[in-house]
Amino acid sequence: MVTGTGTVRLRPPNNRLDSRVVRWWQMQWLALVLPPVLVLVVLALLIEPARFWLLLPAALIAVPGLAAALFLPPWWYRVHRWEVTDTAVYILTGFFWREWRVAPMSRIQTVDTVRGPLQQLFGLATVVVTTASAKGAVKIEGLDHEQAAALAEQLTEITGATPGDAT
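Here is what the cut-offs are and how they apply
- Residues numbered from 1 in each chain as written.
- Predicted model: local features only at pLDDT ≥ 70, side-chain atom pairs only at ≥ 80, totals over all residues.
- Heavy atoms only, no water.
- Buried < 20%, exposed > 50% of the residue type's maximum accessible area, 1.4 Å probe, protein only.
- Helix = DSSP H or I, 4+ residues; strand = E, 2+ residues; numbered from the N terminus.
- Pairing = 2+ DSSP bridges.
- pLDDT = per-residue confidence, 0-100.
- Axes fitted to C-alpha atoms, helices over the stretch in contact; angles between N-to-C directions.
- Contact = heavy atoms within 4.5 Å.

Bringing the pairing of strand β6 (residues 124–131) into the picture now. Taken across its eight residues, β6 has seven buried, putting it largely inside the fold. For strand β5 (residues 108–114) and β6, the ladder comprises six bridges, and the chain directions are antiparallel. Looking at the pairing, Val 114 lines up with Thr 126 of β6. Bridge analysis of β6 against strand β7 (residues 138–144) gives five bridges, and the strand direction is antiparallel. For Leu 124, the partnering residue across the bridge sits in β7 and is Asp 144.

Set out below in structure tokens:
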């Protein structure tokens with residue numbers, strides 16, 4: 001929102017991510033946690049004298065890893081927001097460390113959609129809005145893949161009609 005003084009006032013973006021993003025984030029956590037746990041458990045089954053010393057780190061990885069997979073994604077879903085206006089792309093992420101990002105349309109250089117294997121499995125996509133910012137691209141993760149394609153098309157049209165040099 002632009003005030004009379006020419007400043008932009010941050011406000012919470014309106015749009016939530018697709019609810020399937022919770023399962024996608026949970027699967028990412030499990031893909032991170034399960035391989036080392038499984039390796040340690042298999043080794044513990046094969047090496048009886050070291051069983052305790054292999055199962056202990058397996059448990060120390062598995063318990064907090066599974067807790068994180070269960071509780072963090074729903075928490076993130078409640079706080080992540082995004083919005084596109086005629087003047088900017090807004091995202092709000094994080095919980096303890098909140099990050100508000102605003103990419104003015106005149107500064108957008110490229111708009112991409114990304115769909116990794118797990119995202120494809122869940123029918124999701126990420127829209128990546130690249131600017132000249134040192135902070136890096138603005139990413140809207142966890143959108144329905146059709147919504148992401150439409151958003152990328154919309155952003156391309158808006159930025160094409162927006163004056164500015166995108167630098």
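From this point, the discussion proceeds with the structure in view.
This part covers the confidence of the model for the chain. Scored by pLDDT, the chain comes out at a mean of 89, with 90% of its residues at no less than 70. Here strand β4 (residues 99–104) stands out as the element of the chain with the lowest mean pLDDT, 88, in contrast to helix α1 (residues 21–46), whose mean of 97 is the highest.

This part is about the sheet that holds β5. On the basis of which strands lie adjacent, the open sheet formed by three strands has the order β5-β6-β7 and antiparallel pairing. A strand with exactly one partner marks an edge of an open sheet, and here the two such strands are β5 and β7. Looking at each pair of strands side by side, their axes are set apart by 20° on average, direction ignored. Contacting β6 and β7, α1 crosses the sheet at an angle of about 110° to β7. Contacting β5, β6 and β7, helix α4 (residues 145–161) crosses the sheet at an angle of about 140° to β7.

What follows deals with the sheet that holds strand β2 (residues 81–84). Strand pairing in a sheet relies on backbone hydrogen bonds, with the paired strands running either antiparallel or parallel. Taken in spatial order, the four strands of this open sheet run β1-β2-β3-β4, and their pairing is antiparallel. Looking at the sheet topology across the chains shown, the edges are occupied by β1 (15–16) and β4. Sheet topology places β1 next to β2; two bridges connect them, and they run antiparallel. Residue pairing for β2: Arg 16 is matched across the bridge by Arg 81.

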